[in-house]
Amino acid sequence: MGFARACSVALVGVEGVVVEVQADLEPGVAAFTLVGLPDKSLVESRDRVRAAVVNSGAEWPQKKLTVGLSPASVPKSGSGFDLAVACAVLGAAERIDPAAIADVVMIGELGLDGRVRPVRGVLPAVLAAAEAGYRQVVVPEQTAGEAALVPGIAVLGVRSLRQLIAVLGDEPVPDEPEAGIGRPDAMLAGLMVPGAGLGSGLVPPSADGTGHRPDLADVAGQTRARTALEVAAAGGHHLLLSGPPGAGKTMLAERLTAILPPLTRRESLEVTAVHSVAGILPPGEPLIGRAPYCAPHHSATMQSLVGGGNGLPRPGAVSLAHRGVLFLDEAPEFSGRALDALRQPLESGHVVVARAAGVVRLPARFLMVLAANPCPCGRHTLAGSGCECAPSAVRRYQARLSGPLLDRVDLRVEVEPVSRADLLGGGGRGESSAEVAARVRQARVRAAERLAGTPWTTNSEVPGHELRTRLVAAPGALAAAERDMERGALTARGLDRVLRVAWTVADLRAADRPDASDVAVALELRTGVQRGVPMRAGAS
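Residues numbered from 1 in each chain as written. Predicted model: local features only at pLDDT ≥ 70, side-chain atom pairs only at ≥ 80, totals over all residues. Heavy atoms only, no water.

Assignment of secondary structure puts leucine 90 in helix α3 (residues 82–92). Note on leucine 90: relative accessible area 1%, which makes it buried. Residues leucine 90 and valine 53, 37 residues apart in the sequence, show an inter-C-alpha distance of 8.4 Å. Discounting residues that sit within four places of it in the chain, leucine 90 has contacts with Val53, Ala58, Arg95, Ile96 and Ile165. (Helix = DSSP H or I, 4+ residues; strand = E, 2+ residues; numbered from the N terminus. Buried < 20%, exposed > 50% of the residue type's maximum accessible area, 1.4 Å probe, protein only. Contact = heavy atoms within 4.5 Å.)

Our focus in this paragraph is the nonpolar core. In this structure, Val67, Met106, Leu328 and Met368 are the most contacted members of the largest nonpolar core, which totals 78 residues. For this core, the element with the highest residue contribution is α3, accounting for 9 residues. Membership of the second largest hydrophobic core comes to 47 residues, among which are Ala228, Leu411, Ala502 and Ala522. (Core = buried A, V, L, I, M, F, W, Y, C linked by side-chain atoms within 4.5 Å.)

This part takes up helix α5 (residues 122–131). In terms of burial, α5 is largely enclosed, as 8 of its 10 residues are buried. For α5, every residue scored as buried is listed here: Val122, Leu123, Pro124, Ala125, Val126, Ala128, Ala129 and Ala130. Two residues or fewer past α5, glycine 133 is found with a positive phi of approximately 100 degrees.

With that out of the way, let us pick up the packing of aromatic side chains. Tallying each qualifying case throughout the model produces 2 aromatic pairs. Considering the side-chain rings of phenylalanine 32 and tryptophan 60, the 5.6 Å spacing of their centres and the 40 degrees angle between planes classify their relative orientation as tilted. One end of the pair, phenylalanine 32, is in strand β3 (residues 31–35); the other, tryptophan 60, is in the loop between α2 (45–55) and β4 (64–70), and 28 residues separate them in sequence. Taken individually, phenylalanine 32 and tryptophan 60 each receive the classification buried, so the pair is uniform in this respect. Seen in terms of ring centroids, tyrosine 293 and phenylalanine 327 are 6.4 Å apart; in terms of plane orientation they differ by 25 degrees. Their pairing is stacked. On the criterion of sequence distance, the pair formed by tyrosine 293 in strand β11 (residues 293–294) and phenylalanine 327 in strand β12 (residues 325–328) is long-range, its members being 34 residues apart. Residues tyrosine 293 and phenylalanine 327 agree in their burial class; the two are buried. (Phe/Tyr/Trp six-rings, centres within 6.5 Å; stacked < 30°, edge-to-face > 60°.)

Attention now moves to the side chain of serine 160. Inspection of the secondary structure puts serine 160 in the loop between β9 (154–158) and α7 (161–168). Here serine 160 falls in the buried class, since its relative accessible area comes to 0%. Among the polar contacts listed, one links the side chain of serine 160 to the backbone nitrogen of glutamine 163, at a separation of 3.3 Å. Among the polar contacts made by the side chain of serine 160, one reaches the side chain of glutamate 176 at a distance of 3.0 Å. Look past the residues within four positions of serine 160 in its chain and what remains in contact with it is Gly114, Arg115, Val116 and Glu176. (Polar contact = N/O pair within 3.5 Å; in protein donor to acceptor, adjacent residues only side chain to side chain.)

Let us look at the confidence of the model for the protein chain. Per-residue confidence for the protein chain gives a mean pLDDT of 87, with 90% of residues at or over 70. Between the elements of the protein chain, mean pLDDT differs from a low of 72, seen in helix α18 (residues 420–423), to a high of 97, seen in strand β5 (residues 105–106). (pLDDT = per-residue confidence, 0-100.)

Following the criterion strictly, the structure yields 29 salt bridges and no others. Across the pair glutamate 524 and arginine 224 runs a salt bridge whose closest N-O atoms are separated by 2.3 Å. Separated by 300 residues along the polypeptide, glutamate 524 in helix α23 (residues 516–527) and arginine 224 in helix α8 (residues 223–235) bring together distant segments of the chain. Note that glutamate 270 is salt-bridged to arginine 266, the shortest N-O span being 3.5 Å. Of this pair, glutamate 270 and arginine 266 both sit in helix α11 (residues 265–278), 4 residues apart, roughly one helical turn. Look at glutamate 270 and you get partly exposed, because its relative accessible area is 22%. Within this structure, Glu347, Asp407, Arg408, Asp410, Arg493, Arg497 and Arg526 form a network of salt bridges that share partners. (Salt bridge = Lys/Arg side-chain N within 4 Å of Asp/Glu carboxyl O.)

The following block contains the structure:
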């Protein structure tokens, strides 16, 4: 009787579970049994592995073969177990030394000719292996750069099963010709889900990455909206842009990622892991260094926003926008059920999706930007525009954004139509994204220094209790906010959010703590009621 084992990783959402692949050979009628709660694509690995082993020059054992995936209670899906199954079988047949593969994690799909094809989710799988104490992984050659992002892991990238057998047996490694020279590499098809990257904002404007990138200098006028955009980026505050069509709401939102600071190493790994699982990680870019941008269509379902799908849930738009921007254009046109599902991730920074196949926790700490028209025709706030919407229709349209959802939005700005002077250049060119991004980075640094030693890094994450006890504003600064709360214009959550925005405004102007003018700016950005203060947050 021959026995061998190798290791692979099963992904549950964006978290991995190390799976031991055990192969057992016994005398009897030749058969191949796969057990351990595999799905359809994993059951089909029996035929893929058999053909790959034979076409790689190895002999397939003509005995009763049982392959077990342990722990058996964890659902296993995908074709990434092929490489581990093949090596476990060859170890049981003594073609390779079983001790050489016992503590090696193997991830990859096998083609019928023995080539090793890349699969999605390599980074979270290798992270799970490292956390479990493994130090050696074998992955397809195309994803070796992604696996190498995990420190303390020895990565072997292989092009075929023949090469891996030679490495494990201390034999001369055969040369494998590269496929797809002069044309798109078909081997990369396993990394990308067709259509999944649309709206993710990760693909450069042109194929060579030299296309025009949106810049804030392209925005004419809109001083108030630009200030709100700067405050949102500096403190991580959610933003609502309301105004008539053509005023520039979408144009502003598309330029928000340009003024956000670069992702830290930890944040980059989090974002890359999510996008790797979702199948939107750009080939040749193993590590995402800038904030993602996700703009789902208003017909998106609740499952596509927060995560879902058949079997174990997959990341939704809120997870694809993790550490970046989630832009909901035409927000009132989204279904009420989908919008209300955003309440929990807005507060907690993650999504817990429960399905019959299991419960998955997905990261979802994003900056939300809503864009809305004032009425169905969009001309309700324009003087002499001829809006024909009935008052009841206007109320129903505006009520589609529920009160509990809007209460979680820190900044609410009316985007006015651009004047002729601003549009034709009479108002002068506005600040560029680079200038605003420099102030945003400085404000973030000040906030991080103030919050050192706490689990928070931005003002939007600080609990209200801390703002009222330890991080207090200047004496008398909250008088206007307290009056609004007594009149019912502010809720308790609203007061906390005004304080967070006030701290961000103070950071943008390099102040030690917010004063009455900072609180007035925060109140005006939240309520829309003018307070007689200049809306210039950090601008000179």
